[in-house]
Amino acid sequence: MKAGFIGLGAMGRAMAGNLLCAGHDVAVWARRAESMAPLVALGARAAESPADCARGADAVLCVVTAGPDVRQVALGADGVIEGASPGCVFIDHSTIPPSTARDIADALAGRGIDMLDAPVSGGERGAIDASLSIMAGGDAAVFERMRPLLSSVGRTLVHVGPNGAGQVAKACNQLLLCAFIEAAAEAARLASAHGVDFGTVREAVMQGSAASRALDLFGGKMAARDFSAGVQARLHHKDMGIVLGEAASLGLALPLSAAVWQQLNALMGQGGANRDTSALLTVLEASPI
């Protein structure tokens, strides 16, 4: 298929590379020209703008940071909407509010452009290995038509429902993940307060019913006291802000999410935005016993 790809950070760079490896014809665009160079070397075409990236494409995939960024590349000046032909599909892999995804989908539909909000889970390793989990909102027939592209970047593909449903699923994913990370941090703090090695505790717990991927990955970083970023905490802070924003708009009580977001707020206040989210442990350590 002929595809455009917008956003070439750690995730996007790997995903676009996997599209090329799968034999798709790929154009790429990023704000910094140097970000495009490695993919051009692999055979991609460097586009001059999101609109140029979309010209003649069957689909344009996007992974950028936040809702305003997606809105700009999709609907702004020289955006996808100005270059895509009717029948093109805008596939957004970013994590943004469901309402923003619906608004963008409605605007694109006015030009005959379909949209899938298709956020991903699996992190940079999953992007490199093309093993991402993709949760998609949009028309089911469009989802099936885009399966050859999605299968090039992900392993688990789930159509959740209409536009916005993919982002609802991702919000649920992030709620659970961040709660698990905070729970791991509290377990590490409890073990330490007893003078027991958390690495050993984690090893024991990983064999029982409390085992989780979060305890494995983020708990492992806590045990090693390696807070270098695998996933920057600022991204989980942004995601939990989406969760709490949805709760406020719907009148929902999500007390655990609120508590976890406050811990992430504290981590941001300590200058930990670019540290791994496992650094939530340091917030607890900074609090008096």
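Below is a summary of the structure that appears in this document. (Residues numbered from 1 in each chain as written. Predicted model: local features only at pLDDT ≥ 70, side-chain atom pairs only at ≥ 80, totals over all residues. Heavy atoms only, no water.)

**Considering the overall build of the protein**
Then, in step 1: Scanning the protein from N- to C-terminus turns up 15 helices and nine strands.
Then, in step 2: In terms of C-alpha radius of gyration, the protein reaches 20 Å, essentially the compact-globule figure of 19 Å for 289 residues.
Then, in step 3: The C-alpha extent of the protein, read off along each of the three principal axes, is 65 × 45 × 35 Å.
Then, in step 4: Here the protein holds 289 residues, and the buried ones make up 48% of them.
Then, in step 5: Entry remark: accessible area of the protein is about 12,600 Å², with carbon and sulfur atoms responsible for 55%.
Then, in step 6: Averaged over its 22 positive side-chain charges, the protein has a centre that lies 3 Å from the centre of its 27 negative ones. (Helix = DSSP H or I, 4+ residues; strand = E, 2+ residues; numbered from the N terminus. Rg over C-alpha atoms; globule rule 2.2 N^0.38 Å. Buried < 20%, exposed > 50% of the residue type's maximum accessible area, 1.4 Å probe, protein only. Areas by Shrake-Rupley, 256 points an atom, 1.4 Å probe, with all protein chains shown as cover. Lys, Arg positive; Asp, Glu negative; His and termini not counted. Charge placed at Lys NZ, Arg CZ, Asp CG, Glu CD.)

**Observations concerning the pattern of salt bridges**
Then, in step 1: Considering all chains together, one arrives at twelve salt bridges under this definition.
Then, in step 2: Its salt-bridge partner being Arg31, residue Asp69 comes within 3.8 Å of it at the nearest N-O pair. On the criterion of sequence distance, the pair formed by Asp69 in helix H4 (residues 67–75) and Arg31 in the loop between strand S2 (25–29) and helix H2 (33–41) is long-range, its members being 38 residues apart.
Then, in step 3: By relative accessible area, which is 22% here, Asp69 ends up partly exposed.
Then, in step 4: With a shortest N-O distance of 3.9 Å, Arg71 and Asp103 are connected by a salt bridge. Of this pair, Arg71 sits in helix H4 while Asp103 sits in helix H6 (residues 98–109), and the two are 32 residues apart along the sequence.
Then, in step 5: Taking the relative accessible area as the measure of exposure, Arg71 reaches 34% and is therefore partly exposed.
Then, in step 6: Taken together, the salt bridges that share partners define one network made up of Arg45, Asp52 and Arg55. (Salt bridge = Lys/Arg side-chain N within 4 Å of Asp/Glu carboxyl O.)

**Considerations on the layout of surface pockets**
Then, in step 1: Of the volumes computed, that of the second largest pocket is approximately 190 Å³.
Then, in step 2: Around the second largest pocket, the lining residues are Pro98, Arg102, Val168, Ala171, Cys172, Leu175, Val243, Glu246, Ala247, Leu250, Leu252 and Leu254.
Then, in step 3: Among the residues forming the lining of the second largest pocket, the class breakdown is ten nonpolar, no polar and two charged. (1 Å grid on protein atoms, 1.4 Å probe; cavity = no way out; pocket = protein on both sides within 12 Å on 5 of 7 lines; lining within 4 Å. Points joined across faces, edges and corners; volume = space filled by probe spheres on them. Nonpolar A, V, L, I, M, F, W, Y, C, P; charged D, E, K, R; others polar.)

**Considerations on the nonpolar core**
Then, in step 1: With 34 residues, the main nonpolar core has Phe5, Val28, Ile91 and Met146 as its most contacted residues.
Then, in step 2: Here this core gets six residues from one element, more than from any other, and that element is helix H1 (residues 10–21).
Then, in step 3: Not counting residues up to four positions away in its chain, the partners in contact with Met146 are Met1, Asp58, Ala59, Val89, Ile91 and Leu116.
Then, in step 4: One finds Ile181, Ala185, Met222 and Leu244 within the second-largest nonpolar core, a separate group that totals 26 residues. (Core = buried A, V, L, I, M, F, W, Y, C linked by side-chain atoms within 4.5 Å. Contact = heavy atoms within 4.5 Å.)

**Considerations on the pairing of strand S4 (residues 59–62)**
Then, in step 1: Alternating residues of S4 divide into Ala59 and Leu61 and Val60 and Cys62, and every residue in both groups is buried.
Then, in step 2: In the sheet, strand S1 (residues 2–6) pairs with S4 via four bridges, with the strands oriented parallel. By the bridge assignment, Ala3 is partnered in S4 with Ala59.
Then, in step 3: Alignment of S4 against strand S5 (residues 89–92), held across four bridges, turns out to be parallel. Counterpart to Cys62 in the pairing with S5 is Asp92. (Pairing = 2+ DSSP bridges.)

**Points about helix H14 (residues 255–269)**
Then, in step 1: An ideal rise of 1.5 Å per residue puts 21 Å on 15 residues; H14 measures up with 21 Å between its terminal C-alpha atoms.
Then, in step 2: Those residues of H14 lying buried are Ser257, Val260, Leu264 and Leu267. Down the axis of H14, the sector holding all buried residues measures 75°, keeping them to one side. Relative to its buried face, H14 has exposed residues pointing more than 90 degrees away, namely Pro255 and Gly269.
Then, in step 3: The elements touched by buried residues of H14 are helix H10 (165–193), helix H13 (233–250) and helix H15 (280–286). (Expected span 1.5 Å × (residues − 1). Arc of directions from axis to C-beta.)

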